[in-house]
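What the coordinates show
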Amino acid sequence: MFRAAVRLSVSGVRGLTRLQPGCQGALAVRCYSHGKQETDEEFDARWVTYFNKPDIDAWELRKGMNTLIGYDLVPEPKILSAALRACRRLDDLASAIRILEAAKDKSGPHKDIYPYLIQELQPTLDELGIPTPEELGIDKL
């Protein structure tokens, strides 16, 4: 019984080490990106248009921000400004603060990005009456 099992396993190993002439063909190459590449300006315009919709609701705002934050980038100030204006139209201060926190989180270890965003967004924040997380003291929690 043991001898039969060893014989089968050895013959199985030999079969694996043999070169199969039918398996030496070229591999097929798949190209998945057939679509047009979107430029940075088109990307920014698409998201500004999305957040500037007059009938945007709270779910669409959260869905858009979740999708935007999922990208491997820090959103431009004009996109964040449009999102903050959507928060004001919805009278949703919590989402506005969360957007600023997400922008700070997306800045990561680069300490100069978040201050730049706040500097560029400051006129919008003042106009809309939205405090920064630092002004509220919740950045230290």
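Please refer to the structure placed before this passage.
Residues numbered from 1 in each chain as written. Predicted model: local features only at pLDDT ≥ 70, side-chain atom pairs only at ≥ 80, totals over all residues. Heavy atoms only, no water.

1. A word on the overall build of the protein chain
When helices and strands are counted, the protein chain shows 7 helices and 0 strands. N-terminal to C-terminal, the α/β element order of the protein chain is α-α-α-α-α-α-α. A total of 141 residues make up the protein chain; the buried ones form 28% of that total. Restricting to contacts in the protein chain with at least 6 residues of sequence separation, those with at least 24 account for 63%. Roughly 10,300 Å² of accessible area belongs to the protein chain as shown, and the carbon and sulfur atoms make up 57% of that amount. (Helix = DSSP H or I, 4+ residues; strand = E, 2+ residues; numbered from the N terminus. Buried < 20%, exposed > 50% of the residue type's maximum accessible area, 1.4 Å probe, protein only. Contact = heavy atoms within 4.5 Å. Areas by Shrake-Rupley, 256 points an atom, 1.4 Å probe, with all protein chains shown as cover.)

2. Comments concerning the packing of helix α3 (residues 58-70) against helix α4 (residues 77-90)
Packing of α3 against α4 brings their axes to within 10 Å, and their N-to-C directions diverge by 160°. Classed by the angle they form, the pair α3 and α4 counts as roughly antiparallel. Crossing of α3 against α4: the hand is left-handed. Contact residues: Ala-58, Leu-61, Met-65 and Leu-68 in α3; Ile-79, Leu-80, Ala-83, Ala-86, Cys-87 and Leu-90 in α4. Each residue belonging to the contact of α3 with α4 can be placed in one class, and the counts come to 10 nonpolar, no polar and no charged. (Axes fitted to C-alpha atoms, helices over the stretch in contact; angles between N-to-C directions. Parallel < 35°, antiparallel > 145°, perpendicular 65-115°, else oblique. Left-handed = near helix turned anticlockwise from the far one by under 90°. Nonpolar A, V, L, I, M, F, W, Y, C, P; charged D, E, K, R; others polar.)

3. A short note on the nonpolar core
Residues Phe-51, Leu-84 and Ile-130 are the most contacted members of the largest nonpolar core, which totals 27 residues. Broken down by secondary-structure element, the contributors of at least two residues to this core are α2 (40-51), α3, α4, α5 (93-107) and α6 (113-128). The dominant element in this core, judged by the number of residues it contributes, is α4, at 7 residues. Ignoring any residue separated from it by four or fewer positions in sequence, one finds Phe-51 in contact with Ile-56, Leu-61, Gly-64, Met-65, Leu-68, Ile-79, Ala-82, Ala-83, Ala-86 and Arg-89. (Core = buried A, V, L, I, M, F, W, Y, C linked by side-chain atoms within 4.5 Å.)

4. Concerning the packing of aromatic side chains
The full count for this structure, using the stated rule, is 6 aromatic pairs. Centroid distance Tyr-50 to Phe-51: 5.3 Å. Interplanar angle 85°. Geometry classified as edge-to-face. Residue class for Tyr-50 comes out partly exposed when judged on its relative accessible area of 22%. The class for Phe-51 is buried, based on a relative accessible area of 0%. Taken together, the ring pairs in this structure connect Phe-43, Trp-47, Tyr-50, Phe-51 and Tyr-71 into an aromatic cluster. (Phe/Tyr/Trp six-rings, centres within 6.5 Å; stacked < 30°, edge-to-face > 60°.)

5. Observations regarding the environment of Glu-42
Here Glu-42 shows up in helix α2. Apart from residues lying up to four places away in sequence, Glu-42 is in contact with Lys-36 and Gln-37.

6. Digging into the packing of α5 against α6
Remark: α5 packs on α6, axes separated minimally by 9 Å, with the N-to-C direction vectors making an angle of 155°. It follows from the interaxial angle that α5 and α6 lie roughly antiparallel. Seen from above, α5 lies across α6 with right-handed handedness. Taking contact as the criterion, the partners of Leu-100, Ala-103, Lys-104 and Ser-107 in α5 are, on α6, Ile-113, Tyr-114, Leu-117, Ile-118, Leu-121 and Leu-125. Here the residues of the contact of α5 with α6 are counted per class, giving 8 nonpolar, 1 polar and 1 charged.

7. A look at the layout of surface pockets
Its boundaries defined by the atoms lining it, the largest pocket holds a volume of some 210 Å³. In terms of lining residues, the largest pocket is bounded by Leu-61, Arg-62, Met-65, Asn-66, Ile-69, Ser-95, Arg-98, Ile-99, Ala-102 and Asp-105. Among the elements of the structure, α3 and α5 are those that each provide at least two residues to the lining of the largest pocket. Among the residues making up the lining of the largest pocket, the classes are represented as 5 nonpolar, 2 polar and 3 charged. (1 Å grid on protein atoms, 1.4 Å probe; cavity = no way out; pocket = protein on both sides within 12 Å on 5 of 7 lines; lining within 4 Å. Points joined across faces, edges and corners; volume = space filled by probe spheres on them.)

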